[in-house]
Amino acid sequence: MEENKQQNGLAIASMICGILSIILTCFIPYVSWALAIAGIILAAVSKKNGKSGMATAGLVCSIIALAIGVIFIIVVVIAGVSIGMLGA
């Protein structure tokens, strides 16, 4: 019974990390990336010992946050190069 509560807690923590990382992606990207990676790890550990919908939700939210972060960086770099800030 104790192990089930621990896995449920990890799943909840993963979901919270995933949601927060999506919210913080545009404001504080480095914190967002750290939360997304933590969410992926927590979801993987939680799903290792049993299926959980919350762990799946945390995994999906974390992956979406990382994808948004990568797209955001690409857009910033392209915009910087196009206006001559980053190019030579």
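Please read all numbers here as calculations on a predicted model, not as lab measurements.

1. Some thoughts on the overall build of the chain
Next, step 1: When you go through the chain residue by residue, the secondary structure sums to 3 helices and 0 strands.
Next, step 2: N-terminal to C-terminal, the α/β element order of the chain is α-α-α.
Next, step 3: Per-residue burial over the chain gives 25% buried out of 88 residues.

2. Regarding helix α2 (residues 29-48)
Next, step 1: The first and last C-alpha atoms of α2 sit 28 Å apart over 20 residues, in line with the 28 Å expected at 1.5 Å per residue.
Next, step 2: Taken residue by residue, α2 has P29, S32, A36, G39, A43 and S46 as its buried positions. Each buried residue of α2 sits inside an arc of 110° when the element is viewed along its axis, so together they form one side. Pointing more than 90 degrees away from the buried face of α2 are the exposed residues Y30 and K48.

3. So, the packing of α2 against helix α3 (residues 53-82)
Next, step 1: Across the interface, α2 lies against α3 with an axial gap of 8 Å and an inter-helix angle of 150°. Considering the angle they form, α2 stands roughly antiparallel to α3. For the pair α2 and α3, the crossing hand works out as left-handed. Residue-level inspection shows W33, A36, G39, I40, A43, S46 and K47 of α2 in contact with α3, the latter providing A55, T56, L59, S62, I63, A65, L66, G69 and I73.
Next, step 2: The class makeup of the residues in the contact of α2 with α3 is 10 nonpolar, 5 polar and 1 charged.

So, how was this worked out
- Residues numbered from 1 in each chain as written.
- Predicted model: local features only at pLDDT ≥ 70, side-chain atom pairs only at ≥ 80, totals over all residues.
- Heavy atoms only, no water.
- Helix = DSSP H or I, 4+ residues; strand = E, 2+ residues; numbered from the N terminus.
- Buried < 20%, exposed > 50% of the residue type's maximum accessible area, 1.4 Å probe, protein only.
- Expected span 1.5 Å × (residues − 1).
- Arc of directions from axis to C-beta.
- Axes fitted to C-alpha atoms, helices over the stretch in contact; angles between N-to-C directions.
- Parallel < 35°, antiparallel > 145°, perpendicular 65-115°, else oblique.
- Left-handed = near helix turned anticlockwise from the far one by under 90°.
- Contact = heavy atoms within 4.5 Å.
- Nonpolar A, V, L, I, M, F, W, Y, C, P; charged D, E, K, R; others polar.

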